[in-house]
Amino acid sequence: MLLPPGYSIAGGRYVIQRQLGAGAMAEVYLATDTHRQAPVALKMLRADLALDTAFEDYFRREAHVMQALQHPNIVRFYEPLRDGEMFFLVLDYIDGPNLQKYLFGQKLLPIADALHIAQVLATALDYAHANGVIHRDLKPANVLLAFNGTILLSDFGVARVAGTTTTAAGMVGSPAYMAPEQIQGGAVTAATDQYSLAVLLWELIAGRRPFVGATTGLRGATLGERVLEEHLNHPPPSGVLPAELDLPLRTALSKTASQRFSTCTEMVQQVIRCSAAVPTTSQQWSAKILATQTPTPPPLPPEPTWQYRWPPVRHFVIYLASALVLILGITFWLANSLTRNPNPDDIAAQSTLAVTSALTAAPTDTPVPSATTFTSMPVAFLNSGKR
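Residues numbered from 1 in each chain as written. Predicted model: local features only at pLDDT ≥ 70, side-chain atom pairs only at ≥ 80, totals over all residues. Heavy atoms only, no water.

> Help me out: how do you make sense of the pairing of strand S2 (residues 14-22) in this one?
Note: strand S1 (residues 8-9) against S2, two bridges, orientation antiparallel. Within the sheet, the bridge partner assigned to Ile9 lies in S2 and is Tyr14. Taking the residues between adjacent antiparallel strands as the criterion, S1 and S2 are bridged by four residues, where Ala10 takes a positive phi near 55°. Alignment of S2 against strand S3 (residues 26-33), held across seven bridges, turns out to be antiparallel. Directly across from Gly21, in S3, lies its bridge partner Val28. In textbook terms, the turn of a hairpin is the stretch between consecutive antiparallel strands, and for S2 and S3 this stretch comprises three residues. (Pairing = 2+ DSSP bridges. Helix = DSSP H or I, 4+ residues; strand = E, 2+ residues; numbered from the N terminus.)

> It is not clear to me how the layout of surface pockets should be interpreted in this structure. Could you clarify?
The gaps left among the atoms become clear once a water-sized probe is rolled over them. Here the largest pocket defines a volume of roughly 1,600 Å³. Elements supplying a minimum of two residues to the lining of the largest pocket: S2, S3, strand S4 (38-45), helix H1 (53-67), strand S6 (86-92) and helix H2 (99-106). Per-class residue counts for the lining of the largest pocket are 23 nonpolar, 16 polar and nine charged. Its boundaries defined by the atoms lining it, the second largest pocket holds a volume of some 250 Å³. What lines the second largest pocket is a set of 13 residues, among which Gln100, Pro140, Tyr177, Glu203 and Arg209 lie closest to the centre. At three residues, H2 tops the list of elements feeding residues into the lining of the second largest pocket. Among the residues making up the lining of the second largest pocket, the classes are represented as six nonpolar, three polar and four charged. (1 Å grid on protein atoms, 1.4 Å probe; cavity = no way out; pocket = protein on both sides within 12 Å on 5 of 7 lines; lining within 4 Å. Points joined across faces, edges and corners; volume = space filled by probe spheres on them. Nonpolar A, V, L, I, M, F, W, Y, C, P; charged D, E, K, R; others polar.)

> Would you mind showing me how to read unusual backbone geometry here?
Excluding glycine, residues mostly carry a negative phi; peptide bonds, for their part, are mostly trans. Positive phi values are uncommon outside glycine, yet Ala10 reaches one of about 55°. Along the chain, Ala10 turns up in the loop between S1 and S2. Here Ala10 falls in the partly exposed class, since its relative accessible area comes to 33%. In this model, Gln37 sits at a positive phi of 50°, which is unusual for a non-glycine residue. The topology assignment puts Gln37 in the loop between S3 and S4. Exposure remark for Gln37: the relative accessible area of 59% places this residue in the exposed category. (Buried < 20%, exposed > 50% of the residue type's maximum accessible area, 1.4 Å probe, protein only.)

> In this structure, what is going on with the packing of aromatic side chains? I would like to understand it.
Enumeration according to the criterion identifies one aromatic pair in this entry. Here the aromatic rings of Tyr102 and Trp285 are separated by 5.6 Å at their centres, their planes lie at 70°, and the arrangement is edge-to-face. Within this pair, whereas Tyr102 is found in helix H2, its partner Trp285 is found in helix H9 (residues 282-291), the two being separated by 183 residues in sequence. Seen from the ring of Tyr78, Arg36 lies directly overhead, with NZ or CZ sitting 4.7 Å from the centre. (Phe/Tyr/Trp six-rings, centres within 6.5 Å; stacked < 30°, edge-to-face > 60°. Lys NZ or Arg CZ within 6 Å of the ring centre and 35° of its normal.)

> Can you help me understand helix H5 (residues 190-206) in this one?
When the terminal C-alpha atoms of H5 are compared, their 24 Å separation across 17 residues agrees well with the 24 Å that a helix rising 1.5 Å per residue should span. With 15 of 17 residues buried, H5 lies mostly within the body of the structure. (Expected span 1.5 Å × (residues − 1).)

> Help me understand the side chain of Ser275 in this model?
Along the chain, Ser275 falls in the loop between helix H8 (264-274) and H9. A distance of 2.9 Å separates a polar side-chain atom of Ser275 from the backbone nitrogen of Ala277. Other than its neighbours up to four places away in sequence, Ser275 contacts Ile111, Leu115, Glu244 and Leu245. (Polar contact = N/O pair within 3.5 Å; in protein donor to acceptor, adjacent residues only side chain to side chain. Contact = heavy atoms within 4.5 Å.)

> I would appreciate a short explanation of the nonpolar core in the present structure.
Note on soluble globular proteins: their nonpolar side chains tend to be buried together. Residues Leu99, Phe156, Leu197 and Met267 are the most contacted members of the largest nonpolar core, which totals 73 residues. Take this core: its biggest share by element is ten residues, from helix H3 (residues 111-130). Filtering out sequence-adjacent residues up to four positions away, Phe156 remains in contact with Glu62, Val65, Met66, Leu69, Ile74, Ala128, Val133 and His135. The next biggest cluster of nonpolar side chains, apart from the first, holds 13 residues, and it includes Ile9, Tyr14, Ile16 and Val90. (Core = buried A, V, L, I, M, F, W, Y, C linked by side-chain atoms within 4.5 Å.)

Shown next as structure tokens:
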């Protein structure tokens, strides 16, 4: 169900502006918080799922996780909200693209930019881990790049909280970025998110992920199955990264969680030490991301409502007078035309009448022509009197 612009929620507290995106479970809208007069993002559970208590519990669980995480690089959460048959999460609105969209336009990032992004994400992930939360779905689509330069981690929908059970059992996450223990449904730890971060950093530097299902001899029937097989049984490809970055990233991509670095930050710092590049500063990154912003076109003005308006009375008087003048003019012209161009038959009849009258008035001794004479007379003679 697509909510139209201007649609009010929670008694007018939130007013929809436009849809930002849609996924398998939820739609995201830009809305205005009328109390704070600030933009917010409303994550709405899909209409066919909103009345299912299991999915509502799933959404409330995400809300509980995000409420516990207050970090400058994690999207801020405000409240869960039910409005009739609709269920929402109210989040900060981030004005800017996600990393997936940014990579689509840039294709390959400078190593300095890649290291800066990884540093920020490592800080956010380590904070979540310290609070007992494992993200389990780190990927470019869940990294938001605000035009003010802030990089934020979002979407804790499948996160696992220490000491709790999760409704999402088995293999959870995005296969292209999942650690082996996650694929196998085993215990997930901070090292699981570190593995995903290493896949993402590899992608930022090399322009492609380390596991794309291209290894010779894979048995999977589908591309997804072949990618999972590589995660489980094959090392990353050689000769893709700069040589100095190969070892630290291979360590973070170890098949065994205990062989990886102790924290995400330690992993990124090791990559930086091995690299000849210096990470982009926050100020430099802010200028770069701001340069990609395209101006938002102003909203179209509302279409005017057409309404017929009767003209003033004086206009009717003018129209009527003009019509009468036109009718009189046509009548006069027709009468004048008939006067100037009489019918030849009428002229002949009038001439015959004149001759008959003249003969009647003539003396009795004047010979009277016979009727045959008049019948045989040419019309030209009869018209001679006209001349």
